[in-house]
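# Coordinate analysis (summary)
Each chain is listed here by its residues.
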Amino acid sequence: MMRIGQGEDLHRIDDGRTLVLGGVIIEEGPGLAGHSDADVLLHAITDAVLGAAALGDIGKYFPPSDPRYAHADSADFLRVALRLAREAGWEVANIDSTVRTERPKLAPYVAHMRSRIAEITGVEVGAVSVKAKTAEGLDAIGRGEAMAATAVVLLQPLA
Ligand code: MG
């Protein structure tokens, strides 16, 4: 048996912050507003892991109202979600994800994001997909006001 989960997230752009996407610092920015490091991609993946295991959502474990998570490394959120999934008998089979943003152009960073996500999750890089899209100048993403991410995660029984 397998379990599938989906996750999505959106963060407002904040030029005063450092952009972190998929666990990778992207110096050219723009940064994202958020209580933690605002890594919209890792948040979507974390929710997909939790969703596949029917364990709730990221806000249940890491509420933005909790000062302990101010500027938190979102890789830690994902590690906790993976531990909870493992305790329920599941491990990740593969991850597919999409980031939507007008800027920066993400193509130069995709390989690094995939290898970081593989490192954080312990999944081989060949089973980690990161795709990038713009919003063709439409909606809040197209106007450069926000970035969004979606993710799908397949869980398989622990070997
Ligand atoms: Mg978020």
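So, a few notes on the structure that sits alongside this text.

Thresholds, definitions, all that
Residues numbered from 1 in each chain as written. Predicted model: local features only at pLDDT ≥ 70, side-chain atom pairs only at ≥ 80, totals over all residues. Heavy atoms only, no water. Axes fitted to C-alpha atoms, helices over the stretch in contact; angles between N-to-C directions. Helix = DSSP H or I, 4+ residues; strand = E, 2+ residues; numbered from the N terminus. Parallel < 35°, antiparallel > 145°, perpendicular 65-115°, else oblique. Left-handed = near helix turned anticlockwise from the far one by under 90°. Contact = heavy atoms within 4.5 Å. Pairing = 2+ DSSP bridges. Donors = N, O, S within 2.8 Å, 3.2 Å for Na, K, Ca; no water. Buried < 20%, exposed > 50% of the residue type's maximum accessible area, 1.4 Å probe, protein only. Phe/Tyr/Trp six-rings, centres within 6.5 Å; stacked < 30°, edge-to-face > 60°. Salt bridge = Lys/Arg side-chain N within 4 Å of Asp/Glu carboxyl O.

Here we come to the packing of helix α1 (residues 40-52) against helix α4 (residues 110-121). Helix packing for two helices is described by the angle between their axes and how far apart those axes are. Contact geometry for α1 and α4: axes closest at 12 Å, N-to-C directions at 45 degrees. On the basis of the axis angle, α1 is oblique to α4. Along this stretch, α1 crosses α4, giving a crossing that reads as right-handed. Here Leu41, Leu42 and Ile45 of α1 come into contact with α4, specifically with Met113, Ile117 and Ile120.

Let us now look at the pairing of strand β6 (residues 146-157). As judged from the ten bridges shared by strand β1 (residues 3-12) and β6, these two strands associate in the antiparallel manner. Note that in β6 the partner of isoleucine 4 across the bridge is leucine 154. Of the pairings in the sheet, the one linking strand β4 (residues 90-100) to β6 comprises ten bridges and is antiparallel in character. Note on β6: the bridge partner recorded for glutamate 91 is glutamine 156.

Turning our eyes to something else, we now look at the coordination of the magnesium ion. Taken together, the protein ligands of the magnesium ion are Asp9 (OD), His11 (NE2) and His43 (ND1), with distances of 2.0 to 2.2 Å. A relative accessible area of 21% means that aspartate 9 is categorised as partly exposed.

A few words now on the environment of methionine 147. The residue methionine 147 is located in strand β6 in this model. Between the C-alpha atom of methionine 147 and that of threonine 134, which follows or precedes it by 13 residues, the distance is 9.4 Å.

Quick look at the packing of aromatic side chains now. Within a pair of aromatic rings, the relevant descriptors are the distance that separates the centres and the angle that separates the planes. This structure, assessed with the given rule, holds four aromatic pairs. Consider the rings of phenylalanine 62 and tyrosine 69, whose centres lie 5.2 Å apart with planes at 85 degrees: the pair is edge-to-face. Classification of tyrosine 69 by relative accessible area gives buried; the value is 15%. Centroid distance phenylalanine 62 to phenylalanine 77: 4.2 Å. Interplanar angle 20 degrees. Geometry classified as stacked. Remark: phenylalanine 77 occurs in helix α3 (residues 74-87) and phenylalanine 62 occurs in the loop between α2 (58-61) and α3; sequence separation between them is 15 residues. You can call phenylalanine 77 buried: its relative accessible area is 5%. Taken together, the ring pairs connect Tyr61, Phe62, Tyr69 and Phe77 into an aromatic cluster.

This part takes up the pattern of salt bridges. In the structure shown here, the tally under the stated rule is eight salt bridges. Aspartate 15 is the partner of arginine 103 in a salt bridge, and the nearest nitrogen-oxygen pair spans 3.9 Å. Of this pair, arginine 103 sits in the loop between β4 and α4 while aspartate 15 sits in the loop between β1 and β2 (19-21), and the two are 88 residues apart along the sequence. A salt bridge links arginine 79 to aspartate 76; the shortest N-O distance between them is 2.7 Å. With a gap of three residues between them, arginine 79 and aspartate 76 both fall in helix α3, about one helical turn apart. On the basis of relative accessibility, which here comes to 36%, the residue arginine 79 falls in the partly exposed class.

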